[in-house]
Every structure is written in C-alpha cells, then in structure tokens.
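# Structural overview for review
Each chain is listed here by its residues.
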Amino acid sequence: MCSSDLSFHAMIPIYLAYLVVVPIMAWNDVDKVAFEPSGKRPDDQPGTTYLLVGSDSRGNLTRAQRREYHTGDASGQRTDTIMLLHTGSGPNLLMSIPRDSLVDVPGYGTTKINAAYAFGGAKLLVKTIEQDTGIRIDDYVEVGLGGLVDVVDAVGGITICPTFDMKDKLAGLNIKKGCQHAGGVTALGYARSRHTDPRFGDITRAKHQREVVSAVGKKVLSPWTFLNPFRYWKVVHAAPASFAVGKGMSPVRAAMWAMAMNSVNGKDGLTCGVPISDLAVHWDPTRSKEMFKAIIDDDTGSISSSLCSPTGLPKAITG
C-alpha cells in the first residue's frame, strides 16, 4: 500500500470526527424557546409532530439587510409561516396553516391565527393549534427572515418552480415562470410574496413556502454538503443565527426533523394546505377534522389527494 493510500485512510476518522464535532459546537449557540403551554394539553400521540414557524420580526436585521431583502420596517412580530410536519408510520406530511386562518385564540376570541404569536409568543400559538386541532405539538422550530436567506445561500441556492411570472415590488421579486436557481434573497421574496396570484393570494404563498423549505431540506442533506468541508461548515454555522428550537429538542431530534423535511415533496411524502372551505380562510368543518384525525392517529397513509391539496380548497372550488 502506497503512502498516499495510508494518508487517505488516516484522514477518514479525522473527517468523521469533524462531521460530528462541528454541529455539536454550533448547537450550543442555537437559541432555545419555551413553547410548551401550561394547562390541559392533548395526550401523547403516535408519531412526531413538529411546528415550524417563520417569524416576520425585523429586529435582527440591519438597515442594509432590510433594504436588500425588501422587508420594510414593520414593528411587532407575527408568524408569516405556520406549518405542521408529521412523521411516523406513514408518509411524512407537511401541512401549511395560512396565517389568516380564522380560529379561536384562547383569551382573545376568533381572530387570525398569526395574531396568537403576537399576543403570547410560541406558547400561545401552540396552545391555539392544539386546542383547535387536537394535535399535540412535540417539537418546535422557528426561523427568521434573515435566517432563510443565510441557509439558502449556505447550501448554494435552491431550485424553485413558479407556475406563473411573479413581479412584486413589496417582496423585491421579479422572476419568470418555470424551474430556476434561486439565491437566498430571491427565495425569501418567493416565500413572502402574496400579491402575485390574484386568485388565491396568501394560499399560494403558503404553497411556495412549503416548496422552499423542502428544497432547503434536500440541499442540506445532499451528499455534497457532507463531502465538501467548506460547505458543511457554512451550513452548520448558519443554523445558530437562523433558527431557534423548542426547549428540550436534542441535536438528534433536530437532525430527524431535517431528514423528514428532505422527503415531504417527493413520491414518499405529502405536502398540502390545511383543508379550508373558502378564501376567507375558514377551516372546512368536515375535511379539516378528517385531516387532523389522520395526524392524531398517525395514519397519514389514509390521506387522499382530495383531502391533501396544494391550496387546501376542495376541487369543487379550484376545478
């Protein structure tokens, strides 16, 4: 065996150690969020349900970043993105809850669901979702506006596939329809734009958000990420500035979440909107309960295409 072969084999355990040590170092810097509400909650359920929220807070963005990302200077903090990811015995399910969904927020009556976060942070949002769906939230992940840009850029960009031309000055977006490469700023605009689809508006935005997060998941867990030490370093160290996780989440559980995000948009996964009955975003009283029960029972394999649709609307409305 030549000396170069010996050198290569000697490097393998060192690189494996690098793959393990780097995320452990970064994990210590990830913010941990108290998300579990007090009071009565749904009992433990089979499978695992993660709540993923995207905060519209501009607090951590510099003035230059606000201009570059076209976020404006809105005050306060609401959740532009609300998704449930369920993993278990059946296909992984990623379900958007439109931010304008009209629901009962404990202590505040019927209002838009994203107001729950503004009123009481992660705990009230979790309490609202658990109360209105019966689904127990096991873990929590939060990403900010700048965080999405950083992660997309760290993986070298993602592929997005708009089905129509999109031009939205408020989101800093001007792209043609068709699959294309997108860097962090474009991906953020694509996920934020709610004015480019005159028919479905915010419902289409939720669909684009699912597309973006699942594309990021695929790139993060691609072999190239682990084979390229520089990209691996960038991806892992983008996490502390990009994400916050629920208190109690372990690095292993976080890795399981990332792996699950990798398989929601293919033949072995389901991606859909919460079943709604109209564009005023009232949850469909029958179809939504069927969806929630399938998640509670860890029976995503029984969910049909008529129940899991991109918009959440029934085909009688979408055609």
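Everything that follows concerns the structure shown earlier in this document.
An account of the accompanying structure is given in this report.

Reading guide: rules and limits
- Residues numbered from 1 in each chain as written.
- Predicted model: local features only at pLDDT ≥ 70, side-chain atom pairs only at ≥ 80, totals over all residues.
- Heavy atoms only, no water.
- Helix = DSSP H or I, 4+ residues; strand = E, 2+ residues; numbered from the N terminus.
- Buried < 20%, exposed > 50% of the residue type's maximum accessible area, 1.4 Å probe, protein only.
- Contact = heavy atoms within 4.5 Å.
- Areas by Shrake-Rupley, 256 points an atom, 1.4 Å probe, with all protein chains shown as cover.
- Core = buried A, V, L, I, M, F, W, Y, C linked by side-chain atoms within 4.5 Å.
- Expected span 1.5 Å × (residues − 1).
- Pairing = 2+ DSSP bridges.

Assigned secondary structure in the protein chain consists of 11 helices and 13 strands. Residues classed as buried in the protein chain amount to 50% of the 319 residues present. Look at the contacts in the protein chain between residues 6 or more apart in sequence, and 71% of them connect residues 24 or more apart. A total of about 15,000 Å² of accessible surface is found on the protein chain, and carbon and sulfur atoms cover 58% of it.

Another aspect to go through is the nonpolar core. Of all hydrophobic cores here, the largest spans 42 residues; its most connected members are L85, I158, V212 and W257. Residue contacts for L85: discarding those within four places in its chain leaves T48, T49, Y50, L93, L94, W257, A260, M261 and V264. Counting residues in each nonpolar core, the second largest holds 39 residues, with V33, I113, A122 and V281 among its members.

A rise of 1.5 Å per residue sets the reference length of helix α6 (residues 202-220), with its 19 residues, at 27 Å; its end C-alpha atoms lie 27 Å apart and thus fit the reference within 8%. Burial analysis of α6 places 16 of its 19 residues in the buried class, the great majority of the element.

Among the 5 residues in strand β13 (residues 269-273), 4 count as buried, and that is most of the element. The pairing of strand β4 (residues 92-96) with β13 spans 5 bridges and is classified as parallel. Each bridged residue has a counterpart across the sheet, and for L94 the counterpart in β13 is T271.

So yeah, pure geometry; function would need other evidence.
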